[in-house]
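The chain contents come next:
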Amino acid sequence: MSSLPRRAKVQVQTVVYKDEFSSCSELSSASEEDDKEDSIWEPQKKAPRVRKQPAPKEPKPKRVPRGKKNTQVVSDSSEAVAVKEELNNSVAIADVNLEDRKNKLETVQTLKTAKTKQKNSAQRTKKLKVEKINKVSNLEGGDHSTETPSTSTMWEGTCKKEENEDDFTFGQSPLKKMKTEMCPQGQPVKFPANANSIKEEVEMNWDIVQVLSERTNIELWVCANIIRLFNDDNTIPFIIRYRKELINNLDADSLREVRQTLEELRAVAKKVHSTIQKIKKEGKMSECLLKALLNCKTFEELEHVSAPYKTGSKGTKAQRAKQLGLEGAARTLLERPGELNLLSYIRPDVKGLSALQDIETGVQHILADMIAKDKDTLDFIRKLCQNRYICIQSSLAKVSSKKVNEKDVDKFQLYQNFSCNIRNIQHHQILAINRGENLKILTVKVNISDGVKNEFCRWCIQNRWRPRGFARPELMKILHSSLDDSFKRLIYPLLCREFRAKLTSDAEKESVMMFGRNLRQLLLTSPVPGRTLMGVDPGYKHGCKLAIISPTSQILHTDVVYLHCGQGFREAEKIKRLLLNFNCSTVVIGNGTACRETEAYFADLIMKNYFAPLDVVYCIVSEAGASIYSVSPEANKEMPGLDPNLRSAVSIARRVQDPLAELVKIEPKHIGVGMYQHDVSQTLLKATLDSVVEECVSFVGVDINICSEVLLRHIAGLNANRAKNIIEWREQNGPFINREQLKKVKGLGPKSFQQCAGFIRINQDYIRTFCSSQQTESSSQIQGLAVTSSAGVEVTNEKQGKKKSKSTVSVALKPNPLDQTCIHPESYDIAMRFLSFVGGTLCEIGKPEMQQKINSFLEKEGIEKIAERLQTTVHTLHVIVDGLSQPESFDFRTDFDKPDFKRSIVCLEDLQVGTVLTGKVENATLFGIFVDIGVGKSGLIPIRNVTEAKLSKTKKRRSLGLGPGERVEVQVLNIDIPRSRITLDLIRVL
């Protein structure tokens, strides 16, 4: 009999383990909280009545009618049988439908509550110990327990039965599960139950996972996983690279969109509950109003419902009519129209009740208010509008503001008599109309046809608001008037606000996403390493600022030359001498003031072969944000004592040498690749652009021992303080030998380490050089002061200082070749097993031999079978294969386009219609692509000319679209010299 309690306790742990996965939070210590969660999922079930019964001990047989009456009398062993029977029920719920699952789960939780209250403290302590032991063994030991496999099988079956895609979330190795978080990921997702178990701060009448899925068109189980991952403080780069199976291969832009939508929904829920509290304080809350508020999913709906109850307002017409006591008359008109006598409400001495006309008007206002706040009515009119022609119109404002400039009015010439279906209007048109309206130049209105109103009124009379009995003609007239009044005064303005808000919101999001895509391509521009560069910040009166930088970005020389003040020939000698002295053959010119003249100056000298024997080339680079950066504290700290104008020249040169490292120093919105960036939500813009910078820096990776603090703070999981602490630790203790040492840095806990570790590289050549020098130094010291690792690395105790207590064994200082790869430390064990399968060693990482071994093994076995053997996911195995195959200095930015280096120049006047040119994309907008074709003015490719067939296959596969930095072949379609406009056609992407 002794084995039975043991088995029962193992199963208890199994259920607890399952609950951890489903809720992704720690175990709840009180069973009452479990009951409360169930009541939230199904509030109108029997559960609340059952939940009150555990307090008295007598009614227990009523709750458990089958076979439980005998178990009460027996003590330990029978109680274990009850536990087993109860847990079998809880495991079996995975295979039944949703309703059965909810009911059984409530019963199980109720039994748990009763049992917990009856057990003495000794038994509870013993059970807790067993659960803790089992929890550790399940996490660390994988499938060692004999009970676990059967439970896992049932979970897998559940996953397949509920949603085929859930297989993505199952089958990770036990090691990976152990190392993720307190709540391991990779388990099957039961989206209805689990979605509800994601506890939000505020509860609404709608399920946040369901609404999120509807708004983003993403599967329920993926939305549930994404919410859970964000709740657990995971960053987008980490999720994209190391948790791909949980998000069904979504890209970063989609993930950002989901996060924005999630934040919007939570903001609405928070605002709803604060509104509820205000109305409750005023004593105006009713059950109907509470339900209406909890049903709100947007700020517009909330505003519509809560507007009459705002403090300080004089109240609506309906409220004033209700205060006169006419609400009963309005309800009687709908429910018992034959009994209604409006003459009985006449009070000659009361204003508003003195005449029959006043009473009819009051009843009409109350009915109009009821109609406008009815959920079914609003749903019908919204659905009706989806299928009908609704247009947005803009026209020139009749009374323009005196401050409006005539030039501004001309800019909105296209929209001075504009009309478009709201389903067809473009995002940039919405933003342009909004800007014109804000400047008081345009007036905008939404036009809903009379046919929509007539059909709506007909539906209301015949269906929703039809009186329950015969109504006299005068009463039906009041009802008709109420419908007209409700539509014109309440519903139509609400619909207009909703349409405008939705159009503006979508346009802002698309504008921000476009900005993000452009920024990503700009940051991922291929670097030009190994060159000495001359940066030129052009200018007229104050001269052109020069800066020559070495291949390692060190400042070699700075100077100022005056090219456009009649001294050009004399300054040419100075420039030639500098180029020859520093063996510099590449000139980088900023595209600011005097750029065109400076470009012509250098092009003329190059054509005359003036810089011989050097073969000098030049390129134009955007200097957006350079002047702002040059006077920033960061620039002052990096280049102390240097004139801010010369700092701009240094920044311009570095933008070609390593665009990512230089552009992260500048606030993203100053880089200048956006569209209507000042008209969109600045909070949303900043969050998106910061996220894009984090994504780019993380995916490129940084060498922890040589990177700057500015670059480091943009790595996923790090911030300014953590980056500063890492740099300080590096300065005090020497270079990092492996990733594990990051855990010694102050402020870098397990979660931060998990998020950043995979994006931080440790160059093994650098470490070998450091270790050999350290070994030489330490061998001359007293051997008692040295700690020798298994790899032969010697580091003195002085190096570790106070941090020595954190390092229990010297193995922590052993270099690990996997630290130079994109493989996450949580997958090192899997990587080592894969290496043993392949027959490779750590020394072969990134070498051609390793690539040959991996390719032949993959062709022979197949990646899916290998992943199954390694007990991991295909996505994780892909990361491991990439990490082992890529060369040590691999940089995926080399796949992108380099700057366009030139030797000659073309003028706008030289262009002809039909000319075919090569250019570089400067900016991408929603209405077209701006291309620099080397004539001083960018040409525009209208968006209709950018077809999928013309886009390169590799560009589509990278899913980056056509954006800044890409080289294209274009044909001139039209030239408007007075307006300096060039219209182009895209031939192909180079």
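Residues numbered from 1 in each chain as written. Predicted model: local features only at pLDDT ≥ 70, side-chain atom pairs only at ≥ 80, totals over all residues. Heavy atoms only, no water.

In the annotation of an unreviewed UniProt entry, the protein is listed under the name S1 RNA-binding domain-containing protein 1 and assigned to Oryctolagus cuniculus.

Caption draft 1: Quick look at the overall build of the protein. Helix and strand counts for the protein stand at 41 helices and 17 strands. Looking at the protein as a whole, 50% of its 990 residues qualify as buried. In the structure as shown, the protein presents an accessible area of about 48100 Å², 51% of it carried by carbon and sulfur atoms. (Helix = DSSP H or I, 4+ residues; strand = E, 2+ residues; numbered from the N terminus. Buried < 20%, exposed > 50% of the residue type's maximum accessible area, 1.4 Å probe, protein only. Areas by Shrake-Rupley, 256 points an atom, 1.4 Å probe, with all protein chains shown as cover.)

Caption draft 2: A look at the side chain of Arg654. Summarising the element assignment, Arg654 is placed in helix α29 (residues 644–657). Residue class for Arg654 comes out buried when judged on its relative accessible area of 9%.

Caption draft 3: Structural view of the sheet that holds strand β8 (residues 617–621). Taken in spatial order, the five strands make up an open sheet running β6-β5-β4-β7-β8, and their pairing is mixed. Where the open sheet ends on each side, the last strands, each with one partner, are β6 (555–561) and β8. For this sheet the average axis-to-axis angle between neighbouring strands, irrespective of direction, equals 20°. Pairing of strand β7 (residues 586–590) with β8, which is carried by five bridges, proceeds in the parallel orientation. Directly across from Ile589, in β8, lies its bridge partner Ile620. Running at roughly 50° to strand β5 (residues 544–549), α29 makes contact with β4 (533–537), β5, β6, β7 and β8 of the sheet. (Pairing = 2+ DSSP bridges. Axes fitted to C-alpha atoms, helices over the stretch in contact; angles between N-to-C directions. Contact = heavy atoms within 4.5 Å.)

Caption draft 4: Representation of the environment of Leu835. With respect to the helices and strands, the residue Leu835 is situated in helix α37 (residues 828–838). Classification of Leu835 as buried rests on a relative accessible area of 3%. Taking the C-alpha atoms as reference points, Leu835 and Ile845, 10 residues apart in sequence, are found 9.8 Å from one another. With sequence-adjacent residues up to four places away left out, Leu835 is seen in contact with Gly840, Thr841, Leu842, Met850 and Leu884.

Caption draft 5: Inspection of the pairing of strand β1 (residues 390–396) at higher detail. The pairing of β1 with strand β3 (residues 442–448) spans seven bridges and is antiparallel. Across the sheet, residue Gln393 finds its bridge partner in β3, namely Lys445. When β1 meets strand β2 (residues 417–421), the two strands line up antiparallel, connected through five bridges. For Cys391, the partnering residue across the bridge sits in β2 and is Asn421.

Caption draft 6: Highlighting the sheet that holds β3. On the basis of which strands lie adjacent, the open sheet formed by three strands has the order β2-β1-β3 and antiparallel pairing. Each edge of the sheet is formed by a strand with only one pairing partner; in this case those strands are β2 and β3. On average, adjacent strands in this sheet sit at an angle of 15° to one another, irrespective of strand direction. The sheet strands contacting helix α22 (residues 427–438) are β1, β2 and β3, and the helix crosses β3 at an angle near 125°.

Caption draft 7: Here's a closer look at helix α14 (residues 252–281). Spanning 30 residues, α14 covers 44 Å between terminal C-alpha atoms, matching the ideal 44 Å at 1.5 Å per step. Just downstream of α14 lies Gly283, where phi reads positive at about 75°. (Expected span 1.5 Å × (residues − 1).)

Caption draft 8: The arrangement of the pattern of salt bridges in detail. Under the counting rule described, the total for this entry stands at 40 salt bridges. The residue Asp376 makes a salt bridge to Arg464 at a minimum N-O spacing of 3.7 Å. Within this pair, whereas Asp376 is found in helix α20 (residues 375–386), its partner Arg464 is found in helix α23 (residues 450–464), the two being separated by 88 residues in sequence. We note a salt bridge from Arg596 to Glu599, for which the minimum N-O separation is 3.1 Å. (Salt bridge = Lys/Arg side-chain N within 4 Å of Asp/Glu carboxyl O.)

Caption draft 9: Region of interest: the nonpolar core. Counting 110 residues, the largest nonpolar core has Ile247, Leu255, Val272, Leu712 and Ile726 as its most contacted members. With 10 residues, the single largest contributor to this core is α14. Excluding residues within four positions of it along the chain, Val272 makes contact with Met204, Leu293, Leu294, Cys296 and Leu302. Core analysis: the next-biggest nonpolar cluster, separate from the first, contains 85 residues, Ala329, Ala368, Phe499 and Tyr676 among them. (Core = buried A, V, L, I, M, F, W, Y, C linked by side-chain atoms within 4.5 Å.)

Caption draft 10: A look at the packing of aromatic side chains. Applying the stated criterion across every chain, the model contains 12 aromatic pairs. Ring geometry for Phe699 and Phe759: centres 6.3 Å apart, planes at 45°, overall tilted. Here Phe699, found in helix α31 (residues 682–700), pairs with Phe759, found in the loop between α34 (750–756) and β10 (760–761); they are 60 residues apart in sequence, far enough to count as distant. Exposure class is identical for Phe699 and Phe759. Each is buried. (Phe/Tyr/Trp six-rings, centres within 6.5 Å; stacked < 30°, edge-to-face > 60°.)

Caption draft 11: Looking closely at the confidence of the model for the protein. Here the protein averages 75 in pLDDT, while 73% of its residues score no lower than 70. This model gives residues 956–960 a pLDDT under 50, and the stretch forms eight contacts once residues within four places in sequence are excluded. (pLDDT = per-residue confidence, 0-100.)

Caption draft 12: The arrangement of unusual backbone geometry in detail. The peptide bond linking Ala612 to Pro613 adopts the cis configuration, its omega dihedral lying at 10°. Mapped onto the elements of the fold, Pro613 is located in the loop between α26 (595–607) and β8. Within the chain, Asp233 stands out as a residue other than glycine whose phi angle is a positive 65°. With respect to the secondary-structure elements, Asp233 resides in the loop between α12 (220–231) and α13 (236–242).

Caption draft 13: Quick peek at the packing of α12 against α14. α14 packs onto α12 with a crossing angle of 80° between their chain directions and a minimal axis gap of 11 Å. Here α12 lies roughly perpendicular to α14, going by the angle between them. Judged by residue contacts, Ile226, Ile227, Phe230 and Asn231 of α12 engage Leu255, Val258, Arg259, Leu262 and Arg266 from α14. (Parallel < 35°, antiparallel > 145°, perpendicular 65-115°, else oblique.)

Caption draft 14: Inspection of the packing of α37 against helix α40 (residues 874–885) at higher detail. Put simply, α37 and α40 touch, their axes get as near as 10 Å, and they point 65° apart. In this view, α37 runs roughly perpendicular relative to α40, as classed from their interaxial angle. For the pair α37 and α40, the sense of crossing is right-handed. In this structure, α37 uses Ile830, Ala831, Phe834 and Leu835 to contact α40, whose residues at the interface are Leu877, Ile880, Val881 and Leu884. For the contact of α37 with α40, the class distribution of residues is eight nonpolar, no polar and no charged. (Left-handed = near helix turned anticlockwise from the far one by under 90°. Nonpolar A, V, L, I, M, F, W, Y, C, P; charged D, E, K, R; others polar.)

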